[in-house]
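# Descriptive analysis of the structure
Residue strings, one per chain:
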Amino acid sequence: MRHRDTGMRVGILGSGLMGGKLGTLFARAGHEVVFSYARSERKLARLARAAGLKARSGTVREAVRDADVILLAVHWSRMDDVLSQTGDLSGKVIVTCSLPMNDDDTELVIADTSSGAEVLASRIPGARVVSAFNTVPSEVLFAVFEARRRANKPSLVYCGDEPRSKRIAADLIRDVGFTPVDSGPLKIARYTEPFALLVARIAYQGAGGAEVAYRFERLGK
Ligand SMILES: NC(=O)c1ccc[n+]([C@@H]2O[C@H](COP(=O)([O-])OP(=O)(O)OC[C@H]3O[C@@H](n4cnc5c(N)ncnc54)[C@H](OP(=O)(O)O)[C@@H]3O)[C@@H](O)[C@H]2O)c1
């Protein structure tokens, strides 16, 4: 399993804006990363080369096989496809940043009485699902990582039902440069997922910029 010296084995499912960047930062932080699930193998290989010696590309099955933790970073519409390729995920720690968005990314297709994270957990028996990283636009990730040694790091909420997997998610959040904030059990994703959508709307449709994601904590101060 993990240690701060040797790092964890992290399987990336979905190597786009979120998976590509987070995987790169996990590798830079010392974890062994396998990038998987993109439309081109060449893209995965390129990402792995750029991320350094701790990274490689592979199939979904390879990314999952020996992973201590899996980052799920695919569009909601690709979920069935990616899950059909993983093999058995029982016992695996899955950190999901995926939001349950409709095809044109305008609305959540699951909300109020459930969340994407909870639906995912119910669909993968025995998996240990943690919801994290979905409240932050990918655009800010590199800048936050570069500033990670500063005292006032931005906060990032995460939620889940199982202490060990939450500790793993908190470590990854810290490694990327945020202060992890435990927001409670997985059902709290019913609040954080709509919040993530709101943040994205304000960031991309307003003048606030992507950094608005971690400026909320300064409101009223
Ligand atoms: N982007 C953000 O700032 C942000 C923030 C919070 C949460 N999220 C959530 O995070 C999740 C991922 O978002 P993202 O922005 O990283 O999406 P993305 O850039 O589109 O990445 C999705 C990944 O899935 C791959 N993919 C799509 N269709 C595929 C197919 N038919 N076969 C194989 N691979 C395929 C893409 O391949 P290619 O690389 O070849 O395109 C890409 O690697 C979403 O659920 C989103 O709601 C995103």
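Below you will find a few notes about this structure. Everything numeric here is computed off the predicted structure, so don't read it as measured data. (Residues numbered from 1 in each chain as written. Predicted model: local features only at pLDDT ≥ 70, side-chain atom pairs only at ≥ 80, totals over all residues. Heavy atoms only, no water.)

### Some words on helix H8 (residues 189–205)
In a regular helix each residue adds 1.5 Å, so 17 residues correspond to 24 Å; H8 covers 23 Å between its end C-alpha atoms and thus fits that length. Within the sequence span of H8, burial applies to Ala189, Thr192, Glu193, Ala196, Leu197, Val199 and Ala203. Projected down its long axis, H8 shows its buried positions confined to an angular sector of 160 degrees, all on one face. Every exposed residue of H8 that faces more than 90 degrees away from the buried side is listed here: Tyr191 and Gln205. Check the buried side of H8 and you find it contacts helix H5 (116–123), strand E6 (128–132) and strand E7 (155–160). (Helix = DSSP H or I, 4+ residues; strand = E, 2+ residues; numbered from the N terminus. Expected span 1.5 Å × (residues − 1). Buried < 20%, exposed > 50% of the residue type's maximum accessible area, 1.4 Å probe, protein only. Arc of directions from axis to C-beta. Contact = heavy atoms within 4.5 Å.)

### Looking at the pairing of E6
Taken across its five residues, E6 has four buried, putting it largely inside the fold. Inspection of the sheet shows strand E5 (residues 93–96) paired to E6 by four bridges, in the parallel sense. Bridge assignment links Val93 to a residue of E6, and that residue is Arg128. The parallel pair E5 and E6, bridged by H5, forms a crossover whose chirality is right-handed. Pairing of E6 with E7, which is carried by three bridges, proceeds in the antiparallel orientation. Within E7, the position partnered with Ala132 by the bridge is Tyr158. (Pairing = 2+ DSSP bridges. Right-handed = clockwise from strand over helix to strand, strands pointing away.)

### What to know about the packing of aromatic side chains
Following the criterion strictly, the structure yields one aromatic pair and no others. Just above the ring of Phe145 sits the side chain of Arg148; from NZ or CZ to the centre is 3.9 Å. (Phe/Tyr/Trp six-rings, centres within 6.5 Å; stacked < 30°, edge-to-face > 60°. Lys NZ or Arg CZ within 6 Å of the ring centre and 35° of its normal.)

### Digging into helix H4 (residues 79–86)
In an α-helix, one turn spans 3.6 residues, which is why side chains three or four residues apart end up on the same side. Every buried residue belonging to H4 is among Met79, Val82, Leu83 and Thr86, and all of these are buried. Down the axis of H4, the smallest arc covering the buried residues is 100 degrees, so these residues share one side. Exposed and oriented more than 90 degrees from the buried face of H4 are Asp80 and Ser84. Of the residues flanking the end of H4, it is Gly87, one or two places downstream, whose phi is positive at about 80 degrees.

### Describing the site of the ligand
If you check the shell around the ligand, you find 21 residues, and the closest are Met18, Arg39, Lys43, Val74 and Ser138. Here an oxygen atom of the ligand and a backbone polar atom of Gly16 are 3.0 Å apart. Residue Met18 places a main-chain N or O atom 2.8 Å away from an oxygen atom belonging to the ligand. Here the ligand loses 78% of its free accessible area of 880 Å² to cover by the protein chains. In this structure the site holding the ligand corresponds to the largest pocket. Along the lines of polarity and charge, the residues of the shell around the ligand split into 11 nonpolar, seven polar and three charged. (Near = heavy atom within 4 Å. Polar contact = N/O pair within 3.5 Å; in protein donor to acceptor, adjacent residues only side chain to side chain. Areas by Shrake-Rupley, 256 points an atom, 1.4 Å probe, with all protein chains shown as cover. 1 Å grid on protein atoms, 1.4 Å probe; cavity = no way out; pocket = protein on both sides within 12 Å on 5 of 7 lines; lining within 4 Å. Sits in = over half its atoms within 2 Å of the grid points. Nonpolar A, V, L, I, M, F, W, Y, C, P; charged D, E, K, R; others polar.)

### Observations regarding the pairing of E7
Relative to strand E8 (residues 179–182), E7 runs parallel, the two sharing four bridges. Following the sheet pairing, Ser155 is matched in E8 by Thr179.

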